[in-house]
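The primary structure of each chain is shown beneath.
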Amino acid sequence: MQINTGDLIKGFRRAESTTSREHAGLAAAKHWGQIERLARRAMSAVNGVQSRMDVKVLTELTNAARCVASSDLIPSIPGPMPHPAPAHLPHTERQSARAVYFPTCINRIFGRDPDKPRTPSLPEAFVTLSARAGMPLWIPDDVRGLCCSTPWASKGLADGHQWMAEAICDALWRWTDHGSLPIVIDAASCTHGLLEDVAKHVDDSRRAQMEALSIRDSITWCRDLLPHLSANRKLETVALHPTCSTTHLGLNHDLKTIASFLADTTVVPVGTTCCGTAGDRGLLHPELVVSATRDEKAGLEASAAQAYLSANRTCEMGLRHATGQPYESFIFPLEELTRPA
C-alpha cells in the first residue's frame, strides 16, 4: 500500500489541533484588530527599553521567560527590534485611485529598522511613491483586523484559518468593487497566501470571486512605476535577498530590475536561500535563521553595500538579527531616490 506523506502530516496537524487550540485560534482571528494594537504597544515598550539600554538585556530577559514557559509561545529578542508601526495609516482617496492597497498586518505592526528614521512608514512611502508616478493608491478605512490568513494556516488552526480566509475574501471583493480595481499587497508572503491558499478554504462563490480578482505584489506594481519615475541619484551597491515567496511567485527578476534602477551594482550573496524566518519561527527559534543564513552572512561580509533590501518584513527582521545588516523593503530607497530635487 502506498502511503502519502503529505496526508500523514496533515492528519498529524489535525490530531494535534485540539479543541482548545481551535477555539483560541478562532478567537484570535475574530479579535485580530485588538491583537494588532497590543502588538504595536509591545513593540513601543521594547523600542523604549532598547533605546535606553543594550538590547542584550532584553534578550536575557526573554530567554529566562522562555525557559520558564515555552520557547514555542514566548518570542525571543535575538537582536535589535524595529520601531513600532505608526498607529494611523496614511490618508488616501478612493475616487482617483488606480488600485486598492492592503497594508499587511506585519507592516501594520512592525515599523522600520531601529537604525533608520521612524518615518516614512512603509505604507506612507508606498502611497507617496505611487502618487508620484501617477498611480495613486487607496487604503480602505477598515483594513485593520484583517489578514491574509497565513498565520492560522501555518499553525494548522483550521477554524481560525477558514474564518479569516472568508473575511479577507469578502473584504477584497467589496473594496475592489467586485474586482473592478486591482489590489496591491506589500509583503510577498502575504501575496503568496492570498494567491495560493485562500481560495482553497472558502466556498464556491467566494472561490470564484478570488479568481476574478487581480492581486498584485508591490514588486510588480513598482516595476511598472519605473518608467514614470526619475532617480535623482543612484547607490553604488545594494545587497538583495529574494525570499521564498518571491521565488515561488516568479518575482525575483522584477525585484532585480528594481534593484538595478536603484544602484549600479546588485549583489545576491552566494548561499542566499531561505532565511529560515518562516513568519514567527525566526523569533521563536532564532537559531534557525542563524544556521540558514550562515553562508549569506559570509558573502555580505565580503562586499559592503549601501542598502540591504528584501520584500517581506519578518524575513528582513530575521536577516537583521542573523547578519547584523539593516534589511528593509526596496520601497524605501525607491521612494527616497525618486524624490523631486
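As the structure is a computational prediction, the values presented were derived from the model and not from experiment. (Residues numbered from 1 in each chain as written. Predicted model: local features only at pLDDT ≥ 70, side-chain atom pairs only at ≥ 80, totals over all residues. Heavy atoms only, no water.)

Remarks on the overall build of the protein chain
Check the secondary structure of the protein chain and you find 18 helices and eight strands. Out of the 341 residues belonging to the protein chain, those deemed buried represent 50%. Pairs at least 24 residues apart make up 81% of the contacts formed inside the protein chain by residues separated by at least 6 positions. Summing over all exposed atoms, the protein chain offers an accessible surface of approximately 16,100 Å²; the carbon and sulfur share of this is 55%. (Helix = DSSP H or I, 4+ residues; strand = E, 2+ residues; numbered from the N terminus. Buried < 20%, exposed > 50% of the residue type's maximum accessible area, 1.4 Å probe, protein only. Contact = heavy atoms within 4.5 Å. Areas by Shrake-Rupley, 256 points an atom, 1.4 Å probe, with all protein chains shown as cover.)

Some words on the confidence of the model for the protein chain
Of the residues in the protein chain, 89% reach a pLDDT of 70 or more, and the chain-wide mean stands at 89. Of the regions scoring below 50 in pLDDT, residues 1-12 engages in one contact with residues more than four places distant in sequence or in other chains. (pLDDT = per-residue confidence, 0-100.)

Section: the pattern of salt bridges
Under the counting rule described, the total for this entry stands at 17 salt bridges. As a salt-bridge pair, Glu328 and Arg112 come within 2.8 Å of each other at their nearest N and O atoms. One end of the pair, Glu328, is in strand S8 (residues 327-329); the other, Arg112, is in the loop between helix H5 (105-109) and helix H6 (122-132), and 216 residues separate them in sequence. Taken as a pair, Glu328 and Arg112 share a single burial class, namely buried. Notably, a salt bridge pairs Asp115 with Arg320, separated by 2.7 Å at the nearest N-O pair. Of the two residues, Asp115 sits in the loop between H5 and H6 while Arg320 sits in helix H17 (residues 313-323), which places them 205 residues apart along the sequence. Here Asp115 falls in the exposed class, since its relative accessible area comes to 60%. Put simply, Glu36, Arg40, Arg108 and Arg144 are held in one network by salt bridges that share partners. (Salt bridge = Lys/Arg side-chain N within 4 Å of Asp/Glu carboxyl O.)

Quick word on the sheet that holds strand S2 (residues 137-138)
Ordered by their spatial adjacency, four strands build an open sheet running S2-S1-S3-S4, and the pairing between neighbours is parallel. The sheet is open, and its two edges are formed by S2 and strand S4 (215-217), each paired on a single side. Looking at chain direction, strand S1 (residues 99-102) and strand S3 (residues 183-185) are connected through three bridges and run parallel. Looking at the pairing, Phe102 lines up with Ile185 of S3. Lying over the sheet, H6 contacts S1, S2 and S3, oriented at roughly 165 degrees with respect to S1. This element, helix H11 (residues 218-225), spans S1, S2, S3 and S4 of the sheet and lies at about 75 degrees to S4. (Pairing = 2+ DSSP bridges. Axes fitted to C-alpha atoms, helices over the stretch in contact; angles between N-to-C directions.)

Here's the deal with the packing of helix H2 (residues 19-30) against helix H8 (residues 158-175)
At a minimum axis separation of 7 Å, H2 and H8 run at an interaxial angle of 20 degrees. On the basis of their axis angle, the class for H2 and H8 is roughly parallel. As for the relative orientation of H2 and H8, their crossing is right-handed in sense. Every residue of H8 that contacts H2 at Glu22, Gly25, Leu26, Ala29 and Lys30 is listed here: Ala158, Asp159, Gly160, Trp163 and Met164. Residue classes in the contact of H2 with H8 are distributed as five nonpolar, two polar and three charged. (Parallel < 35°, antiparallel > 145°, perpendicular 65-115°, else oblique. Left-handed = near helix turned anticlockwise from the far one by under 90°. Nonpolar A, V, L, I, M, F, W, Y, C, P; charged D, E, K, R; others polar.)

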